[in-house]
Every structure is written in C-alpha cells, then in structure tokens.
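# Descriptive structure summary
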Amino acid sequence: MMIVEGANVTPESPYEVTQAGIDEVVAVIGGPPATSGEAPPTFVNVVLGPAIKAFLDSGDTHFAGVVHTAESTTYTRFLRAGDVVNTSVTVTSVRARPSVTQFEILSLVTDLDGQEIVRVNSSLICETEATE
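Residues numbered from 1 in each chain as written. Predicted model: local features only at pLDDT ≥ 70, side-chain atom pairs only at ≥ 80, totals over all residues. Heavy atoms only, no water.

## Considering the environment of Asn121
Quick note on the threshold: Think of it this way: any DSSP run of H or I at least four residues long counts as a helix, any run of E at least two long counts as a strand, and we number them from the N terminus. Relative accessibility decides the category of a residue: with a 1.4 Å probe and only protein chains considered, values under 20% of the type maximum give buried, values over 50% give exposed, and everything between is partly exposed. Contacts are residue-level and defined by heavy atoms, with any inter-residue pair within 4.5 Å sufficient.
Inspection of the secondary structure puts Asn121 in strand 6 (residues 116-130). The class of Asn121 is partly exposed, set by a relative accessible area of 34%. For the pair Asn121 and Val91, spaced 30 residues apart in the sequence, the C-alpha separation amounts to 10.0 Å. Other than its neighbours up to four places away in sequence, Asn121 contacts Ala70, Glu71, Ser72, Ile105 and Leu106.

## Examining the nonpolar core
We apply this condition: The set of buried Ala, Val, Leu, Ile, Met, Phe, Trp, Tyr and Cys residues whose side-chain atoms join them within 4.5 Å is what this entry labels a nonpolar core.
Ile22, Phe43, Val44, Val47, Leu79 and Val109 are the most contacted members of the largest nonpolar core, which totals 16 residues. Residue assignment for this core shows that the elements contributing at least two residues are helix 1 (19-29), helix 2 (43-57) and strand 6. Sort the elements by how many residues they give to this core and helix 2 lands first, with four residues. Excluding residues within four positions of it along the chain, Phe43 makes contact with Tyr15, Val17, Gly21, Ile22, Val25 and Leu79. Listed in part, the 12 residues of the second largest apolar core include Ala7, Ala51, Ile105 and Cys126.

## Let's talk about helix 2
How we decide: In this scheme, a helix's expected span is set at 1.5 Å multiplied by one less than its residue total. What we call the bend at a residue is the angle made by axes fitted to the seven residues finishing there and the seven residues starting there.
The first and last C-alpha atoms of helix 2 sit 22 Å apart over 15 residues, in line with the 21 Å expected at 1.5 Å per residue. Of all the bends in helix 2, the greatest reaches close to 45 degrees and is centred on Gly49; the proline Pro50 follows between one and four positions later. Along helix 2, the residues that are buried comprise Phe43, Val44, Val47, Leu48, Ala51 and Phe55.

## Description of the side chain of Ser88
Tracing the sequence through the fold places Ser88 in strand 4 (residues 84-96). The exposure class of Ser88 is buried, given its relative accessible area of 13%. Filtering out sequence-adjacent residues up to four positions away, Ser88 remains in contact with Asn8, Val9, Thr10, Leu106, Ser107 and Leu108.

## Some points on the packing of aromatic side chains
Heads up, the rule is: Pairing of aromatic rings covers Phe, Tyr and Trp, the last through its six-membered ring, and needs centres within 6.5 Å; plane angles under 30 degrees mean stacked, over 60 mean edge-to-face, and all others mean tilted.
All chains considered together, the criterion is met by two aromatic pairs. A centroid spacing of 5.4 Å and a plane angle of 85 degrees characterise the contact between Phe55 and Phe103, whose relative ring orientation is edge-to-face. You can see Phe55 sitting in helix 2 and its partner Phe103 sitting in strand 5 (residues 100-111), a full 48 residues away along the chain. An identical accessibility class is assigned to Phe55 and Phe103; each is buried.

Next up, the structure:
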C-alpha cells in the first residue's frame, strides 16, 4: 500500500486497558500509583502503539528513523482500567522529499460504541529507504 493522504490503518483487535498496564507505565514515568484506575495522560501512547506500528509497516517504504516534530492531544476523558477501545491512524497530509517524508497523522481512540476518548494530531518526519 502507498501511504497517501487519506490512508487509514486500524488494528484488527480492540485494546483492553488493564490496571497492570497502567501500573507498568506509572512505574516507568515515576508517577504516583494510579489507585483510581485512571491512566496517566501519557498512557495513550501505549494504547496507540499497535496502530502507529501498523501504519509504519503498511506502506511500500521502509522507515529507517522516525521523529515526532509536533503533537497535540485532546481528551474527552482519560483512559481507565477496564476500557476496551478501538484505535485508528489516518494520514491527513504527506510531503515527500528524496530521503525524508513528513506525515501529518490523526490518531483516534474510541470506545466500542464509537465515542471518541482521545484525539492525537502528530507530525512525523521519517527517513525513508525504498524497499526492494
């Protein structure tokens, strides 16, 4: 698949937010224990990880390196233990140069009813190598 504006990647399986997963992230970032079951804001990066990986693996180009140049996150609410969510990544803009491509992507986390929980707009600059 060519990664072009409008391309969308959605992992096949929903993501289940667990207290153990939240506790792991809290331990890494050194935050206070999440006794309320509410995940820290950065937990969205764990949840979106499979969708972002699927996006980077979906094209006909190998990405040798990826750098975030900008990101904004809008929450309807924070993720909580017990949430089962769907994720997706949609390309909103592509600017290609000989060895670097800049992508603007919109990543969404929704509940199983389709209600938006988190929206992440990101700019990625990717060093590219043509696959053979």
